[in-house]
Amino acid sequence: MASPDAPSAATFESEAQGLLDAIARARKRVDAVAGLVDGTLDRFRERVDRLIRESEVDNWRQVRIFTRDVDAIAADLGKAAKEKRLSLRLVAGLDASLRKARKRDFYGARKAWRKLDRVAEQGAEVRRLQISYREGYRAVEARIRQLRAHVDRLQKIPKPPSSPEDAQEFNERVDAFNGAATAAYLDFLARSRADQAIPLLLEASQGTGIGVPAPPPGCDPEPLLRLLNNASPQGEAFRSRSFYGLLELPGYSDAKLTHVFGDARLIRSALDSGWAWLKAIRDDERRSLQIQWSEDVTMLKRRTPSIVGFVERLGKLNDAAERGRELAAALQDGRFDAWQSAARLYATHGDSAVRKWRGTLENDMETMNKEAAKLGAVLKRFPDPAKVESGGG
């Protein structure tokens, strides 16, 4: 799609021809005056103007500096006249301004400087027209490059293996499974007995790809497991605590631990030895069972069945297991791979991938190629801006 500011072939052709005609008329008036179009006069006028504006001198040192600057400009002006880079008429006007300034007649210097305004404006008008032509010409060149680069990029977009609707539904399926699995996992951590939850979490953390953190180096959950496996009636209150309930125990006093759960030192020792692992599980509670639709399919084929099996063991709180089995089936029969590839293409290329699926992208590329060819054909009929600025156009 062309942007509203993009130059068109017809617009450039009419504007460029008008600019070339205007440049030719303007140059005709000033071509015979050396130093006008190339900016030499403007540079000298700027130096004289700055000299006049900074002419408030009060002591001998400032006078010497002022005189030095006048002499420097006069020397450069003589050199430009000798090299015929500046018309003698313009040199005379600038020299008159400098002579007035040397005599401390700054009003007369400014008046002589002003006499060159009209001729300087004629040169400036030529340069303004040339700049307008150059900007229009370069804008068309940039548009051609943009169109060709856009076509090259679009040609590399493969056709998605499934529709945008299927890809969107795929994303929603993955998100729905993640939400249901997380809800089931959080409910399990909040409700299940510790003597059932801790062994299951430890098993799930042993390289199954489920996402439950494994015990970090230096952390040993075995004392906690032994304490939970102790079938003494006194330990029932401890074993019946939930996972989150275990995390609350370090805040209890020794007296309360002893009164409610038995030996406080034994409980604190078991919790301390496995605390880093318990904390890691709590910190990752909302990320553990997640799958990403952009994950590698080979990895997902291994992870997803393990996650589904783990969710089934958590209890039937919701339909997380059924959703997981649907994704696992899609992984096995290749549908997941197709949906994932399509979702990646739509996420990367956006509307271009959608148009590729609909079959309209080829028409768009053909339109852009025709526009680039038309702009290129128009551009060939006009001279390069450098040639126009050198007077060859």
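Data block above holds the structure.
What you are looking at is a predicted structure, and each value in this text was computed from that prediction instead of being measured.

So, about the overall build of the chain. Each helix and strand in the chain was counted, giving 19 helices and zero strands. For the C-alpha atoms alone, the extent of the chain along its principal axes is close to 115 × 65 × 25 Å. The buried share among the 393 residues of the chain stands at 43%. If you take every contact in the chain between residues at least 6 apart in sequence, the share linking residues at least 24 apart comes to 75%.

Membership of the largest hydrophobic core comes to 58 residues, with the highest contact counts inside it found for Tyr185, Leu201 and Phe310. Counting residues per element, this core draws most heavily on helix α7 (residues 164-191), which supplies 10 residues. In contact with Phe310, not counting residues within four places along its chain, are Tyr185, Leu200, Leu201, Ala204, Ile210, Val212 and Leu289. Residues Ile23, Ala80, Val91 and Leu375 belong to the second largest nonpolar core, which totals 54 residues.

Attention now moves to the pattern of salt bridges. Evaluated as defined, the whole model comprises 39 salt bridges. Between Asp117 and Arg114 there is a salt bridge, with its nearest N and O atoms 3.3 Å apart. A residue is classified by how much of its surface remains accessible, and Asp117, at 27% relative accessible area, is partly exposed. One salt bridge connects Asp384 with Arg138, and the closest N-O pair in it is separated by 3.6 Å.

So, about the packing of aromatic side chains. Using the criterion set out here, one finds 10 aromatic pairs in the structure. Ring geometry for Phe243 versus Tyr244: centroids 5.7 Å apart, planes at 65 degrees, classification edge-to-face. Its relative accessible area of 0% is what places Phe243 among the buried residues. Judged by its relative accessible area of 24%, Tyr244 falls in the partly exposed class. In this structure an aromatic cluster arises from ring pairing among Phe12, Tyr133, Tyr137 and Phe382. When the ring centre of Tyr252 is taken as reference, the NZ or CZ atom of Lys256 above it lies at 4.2 Å.

Glancing now at the packing of α7 against helix α14 (residues 297-314). Taken N-terminus to C-terminus, the directions of α7 and α14 make an angle of 45 degrees; their axes are 10 Å apart at the nearest point. The pairing of α7 with α14 is recorded here as oblique in orientation. As for how α7 packs across α14, the hand of that crossing is left-handed. Mapping the contact onto sequence places Phe177, Ala181, Ala184, Tyr185 and Phe188 in α7 and Ile307, Phe310, Val311 and Leu314 in α14. Residue composition of the contact of α7 with α14, grouped by class: nine nonpolar, no polar and no charged.

Criteria and thresholds
Residues numbered from 1 in each chain as written. Predicted model: local features only at pLDDT ≥ 70, side-chain atom pairs only at ≥ 80, totals over all residues. Heavy atoms only, no water. Helix = DSSP H or I, 4+ residues; strand = E, 2+ residues; numbered from the N terminus. Buried < 20%, exposed > 50% of the residue type's maximum accessible area, 1.4 Å probe, protein only. Contact = heavy atoms within 4.5 Å. Core = buried A, V, L, I, M, F, W, Y, C linked by side-chain atoms within 4.5 Å. Salt bridge = Lys/Arg side-chain N within 4 Å of Asp/Glu carboxyl O. Phe/Tyr/Trp six-rings, centres within 6.5 Å; stacked < 30°, edge-to-face > 60°. Lys NZ or Arg CZ within 6 Å of the ring centre and 35° of its normal. Axes fitted to C-alpha atoms, helices over the stretch in contact; angles between N-to-C directions. Parallel < 35°, antiparallel > 145°, perpendicular 65-115°, else oblique. Left-handed = near helix turned anticlockwise from the far one by under 90°. Nonpolar A, V, L, I, M, F, W, Y, C, P; charged D, E, K, R; others polar.

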